[in-house]
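Next come the chains, spelled out residue by residue.
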Number of protein chains: 2
Amino acid sequence: MTPAQARAAFRAGRVMTTSGVAPGYAQANLIAVPRADAYDVLLFAQRNPKPCPVLDVTDPGSWTTRLAAGDLRTDLPKYRIWEHGELVAEPTSAQRWWRPDLVAFLIGCSFTFEHALAGAGIPLRHVELGTTVPMYRTSRACRPAGPLSGPLVVTMRPVPADLVATAVKVTAAVPAVHGAPVHIGAPEALGVDLDKPDWGDPVEVRPGEVPVFWACGVTPQAALSALPFAITHAPGHMLITDVPESTYRSEG
Amino acid sequence: MTPAQARAAFRAGRVMTTSGVAPGYAQANLIAVPRADAYDVLLFAQRNPKPCPVLDVTDPGSWTTRLAAGDLRTDLPKYRIWEHGELVAEPTSAQRWWRPDLVAFLIGCSFTFEHALAGAGIPLRHVELGTTVPMYRTSRACRPAGPLSGPLVVTMRPVPADLVATAVKVTAAVPAVHGAPVHIGAPEALGVDLDKPDWGDPVEVRPGEVPVFWACGVTPQAALSALPFAITHAPGHMLITDVPESTYRSEG
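In every chain, residue numbers begin from 1 and rise along the written sequence. To read the labels, note that chains go from A and ligands from 1, taken in the order they are written. In view of the model being predicted, local features appear only for residues whose pLDDT reaches at least 70, and side-chain atom pairs are presented and counted only at 80 or more, with totals across whole chains, interfaces and linings using the full set of residues. Side-chain numbers here rest on the full set of heavy atoms in the structure, without hydrogens or water.

A.B. asks: Account for the relation of the copies chain B and chain A, naming residues and giving values.
C.D. replies: Here two copies of a chain appear, and what relates them is a rotation about an axis with a shift along it. Each copy superposes on the other: chain B lies on chain A with an RMSD of 0.0 Å after a rotation of 179° and an axial shift of 0.0 Å. In symmetry terms, the pair is related by a two-fold rotation axis. Judged by C-alpha distance, Tyr 39 of chain B is the residue of chain B that lies nearest the rotation axis, at 2.4 Å. Contact criterion: two residues are considered in contact whenever any of their non-hydrogen atoms come within 4.5 Å of each other. A share of 100% of the interface residues of chain B reappears at the interface of chain A, consistent with the copies meeting face to face through the same patch. Least-squares superposition aligns the copies on the C-alpha atoms of those residues with pLDDT at or above 70 in both.

Quick look at the structure:
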């Protein structure tokens, strides 16, 4: 599927995790909040750039982004609607809930570098299994901004020990989609129980493999509970953009 | 001078351009605006990251930054006070003008990489001459944010032709302080007349040298005219931070 075909399918109601869909194109997390709360979200992202690399911000009331032709209210496979930190709905279209004062933040997603990881010979277990990458709240706190605060959230991928350095190099080259891992091995030092992801599905870490953790775009979503209203993507159900992943390779 | 000694001298009233001062430490542009306008400034920076790499944002009413021990109202050599785009004062202390609702943005400065350029054998003419680096408004427009709009502003340094590639490599490694040049040679294609800088002093480009242009932190300052009130540094008169320049070398 091309990015446009994938978005058309989601617009028509198809629901699926987007990991592995439209390989080679950047994917993005969605957070839409009222204009009055937008500064705090943008500042939270500025203060926590590793989990929150901002790729685009829409003008209030607009539901289009320069990252993807289409409609942000309908073109993701699944949304979450939040009121005062409570999940009130998980619809496949956010049209009913979209308000004229909403500002949408598009935040880089580690799905973007999975194509490059696979190209470097690194197997991606959750893609092989057709499940959602496991995501964990860690014991590491983000730097707060106004009422927004919360833990760093990470994704985990098991990597064969002889390929861990390669995984670091490949992802360090794409800082706009979380960059290098934040933690390698020793999940307990991060406050993580591998068997119990907070989102997504657990995957086996086999002998000879090391759990590798990358900062995750669900981090700002986990910090939103102080806000009266927000619309986000459902974890694993991202915006597929028209931007080739290579665009985000760092100039260094 | 150490960064703390330099700030103490400026606090005591000494006025000088900070290029070449406290080599090896990051320098920063200052923009302070009322909280009500802070979102537009932060969004302008997000949309124009090359000229506006945000290093820190203070909480409203605070005049300290984690980048430098001291007082942002007094520790720069010279300030500019703006009302509705008019320059109303150029004091050596901003204490009288600081308001409780101000939010201060510290933005990366190309002075930060001059130490690395010099270390790579690239002569810096404005440092040799003791003048302020020439800065130019270009014909290239920034992406607007709310009422903020304006041209890309650049600094220019003449570089011997055989060292231009080195200058690119050295500065590409520090994206938080503007990164690689935005334009090399052909000033007319950028709408620039080398003899007439908009800020700073002209420098000679000698035979065998090429004018190399980097994005400049004066860019957001040039976009502020729509705002009712702002305090900025005076061009060339930066905040000297306690952060070693090497901190901002990219992970790639």
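A.B. asks: I'd like to hear about the nonpolar core, residue by residue, with values.
C.D. replies: We call a set of buried residues a nonpolar core when its members are Ala, Val, Leu, Ile, Met, Phe, Trp, Tyr or Cys and they connect through side-chain atoms within 4.5 Å of each other. For every residue, the accessible area (1.4 Å probe, protein chains only) is compared with the maximum for its type, and the residue is labelled buried under 20%, exposed over 50%, or partly exposed between those bounds. Residues Val 33, Tyr 39 and Phe 105 of chain A together with Val 33, Tyr 39 and Phe 105 of chain B are the most contacted members of the largest nonpolar core, which totals 56 residues. For Phe 105 of chain A, the residues in contact, after removing those within four places along its chain, are Asn 29, Leu 30, Ile 31, Val 33, Ala 38, Val 41, Leu 42, Asp 56 and Val 57 of chain A together with Tyr 39 of chain B.

A.B. asks: An account of the interface of chain B and chain A is needed here, citing residue identities and associated values.
C.D. replies: The extent of an interface is frequently quoted as the accessible surface area lost upon association of the parts. Contacts between the two partners involve 24 residues from chain B, matched on the other side by 24 residues from chain A. Carbon and sulfur atoms supply 46% of the area that chain B and chain A bury against each other, a total of about 1900 Å² over both sides. When a carboxyl oxygen of Asp or Glu is within 4 Å of a side-chain nitrogen of Lys or Arg, the pair counts as a salt bridge. The interface formed by chain B and chain A includes four salt bridges. Of the charged contacts in the structure, one is a salt bridge between Arg 47 of chain A and Asp 59 of chain B, with a shortest N-O distance of 3.3 Å. In protein, a polar contact means a hydrogen-donor-capable atom and an acceptor-capable atom, both N or O and within 3.5 Å, with residues adjacent in sequence counting only if both atoms are side-chain atoms; elsewhere, any N or O pair within 3.5 Å suffices. Joining chain B to chain A, the criterion identifies eight residue pairs in polar contact (both at pLDDT 80 or more). Counting from the N terminus, the helices are the DSSP runs of H or I reaching at least four residues and the strands are the DSSP runs of E reaching at least two. Where the side of chain B that touches chain A is concerned, the elements lending two or more residues are helix H2 (35-47), strand E2 (54-57) and strand E5 (102-108) of chain B. Broken down by element, the side of chain B that touches chain A gets its largest block of residues, eight residues, from H2 of chain B. Note on terms: buried area is the combined drop in 1.4 Å-probe accessible area of two parts once they are placed together, counting the loss on both.

A.B. asks: For the sheet that holds strand E8 (residues 183-184) of chain A, give the residues involved together with the corresponding values.
C.D. replies: Residue and element names in this part refer to chain A. DSSP calls a pair of strands paired once it identifies at least 2 bridges connecting them. Strand order in the open sheet made by the four strands is E6-E7-E9-E8, with antiparallel pairing throughout. Looking along the sheet, the strands with just one partner apiece sit at the ends: strand E6 (135-141) and E8. Pairing of E6 with strand E7 (residues 151-160), which is carried by four bridges, proceeds in the antiparallel orientation. Paired with Tyr 136 across the strands is Val 154, a residue of E7.

A.B. asks: Outline the environment of Val 57 of chain B, supporting the account with residue identities and numerical values.
C.D. replies: Topologically, Val 57 of chain B is positioned in strand E2. Discounting chain neighbours no more than four positions away, the residues touching Val 57 of chain B are Tyr 39, Leu 43, Gln 46, Arg 47 and Arg 143 of chain A together with Leu 42, Val 103, Ala 104 and Phe 105 of chain B.

A.B. asks: Which residues make up the domain arrangement of chain A, and what values go with them?
C.D. replies: All names here are of chain A. Boundary definitions for the domains trace back to an automatic or database domain assignment. Here chain A is described as being made up of domain 1 (3-110 + 224-245) and domain 2 (112-218). A separation of 21 Å is found between the C-alpha centroids of domain 1 and domain 2. With 29 residues of domain 1 at the contact, the number on the domain 2 side is 33 residues. A buried area of about 2500 Å², summed over both sides, lies between domain 1 and domain 2, and 60% of it is on carbon and sulfur atoms. Area buried by domain 1 at its contact with domain 2 is led by Lys 50, Ser 110 and Glu 245, which between them contribute 27% of it. The interface formed by domain 1 and domain 2 holds zero salt bridges in total.

A.B. asks: Talk me through unusual backbone geometry; I want residue IDs and the actual numbers.
C.D. replies: The bulk of non-glycine residues show a negative phi, and the bulk of peptide bonds are trans. All names here are of chain B. Even without being glycine, His 178 reaches a positive phi, approximately 85°. Tracing the backbone shows His 178 in the loop between helix H5 (164-172) and strand E8 (183-184). The class for His 178 is buried, based on a relative accessible area of 1%. Of note in this structure, Ala 186 is not a glycine but carries a positive phi near 45°. Judged by relative accessible area, Ala 186 falls into the partly exposed class, the value being 36%.

A.B. asks: An account of H2 of chain B is needed here, citing residue identities and associated values.
C.D. replies: In this analysis, the expected span of each helix is defined as 1.5 Å times one less than the number of residues it contains. Under the 1.5 Å per step criterion, the end-to-end length of H2 of chain B is 19 Å for 13 residues, consistent within 8% with the ideal 18 Å. Taken residue by residue, H2 of chain B has Asp 37, Ala 38, Tyr 39, Asp 40, Val 41, Leu 42, Leu 43, Phe 44, Ala 45, Gln 46 and Arg 47 of chain B as its buried positions.

A.B. asks: Lay out the packing of aromatic side chains in plain terms, naming residues and giving numbers.
C.D. replies: Residue and element names in this part refer to chain A. Between the rings of Phe, Tyr and Trp (Trp by its six-membered ring), a pair exists once the centres lie within 6.5 Å; its type follows the angle of the planes, with under 30 degrees stacked, over 60 edge-to-face, and the other angles tilted. The tally for this structure, following the rule as stated, stands at two aromatic pairs over all chains. Ring geometry for Phe 113 and Trp 214: centres 5.3 Å apart, planes at 50°, overall tilted. Highlighted residues: Phe 113 in helix H3 (residues 111-119) and Trp 214 in strand E9 (residues 209-215), separated in sequence by 101 residues. Overall, the relative accessible area of 0% leaves Trp 214 in the buried class. Criterion for a charge above a ring: Arg CZ or Lys NZ at most 6 Å from the ring centre, at most 35 degrees from the ring normal. The ring of Trp 97 carries the charged tip of Arg 96 above its face, separated from the ring centre by 4.3 Å.

A.B. asks: Go over the side chain of Thr 171 of chain A, please, and point to the residues and values.
C.D. replies: Residue and element names in this part refer to chain A. For Thr 171, the position within the fold is in helix H5 (residues 164-172). Residue class for Thr 171 comes out buried when judged on its relative accessible area of 0%. Reaching out from Thr 171, the side chain makes a polar contact with the side chain of Trp 214 at a distance of 3.1 Å. In this structure, Thr 171 is in contact with Phe 113, Leu 117, Gly 179, Ala 180, Pro 181 and Trp 214, ignoring residues within four places of it in sequence.

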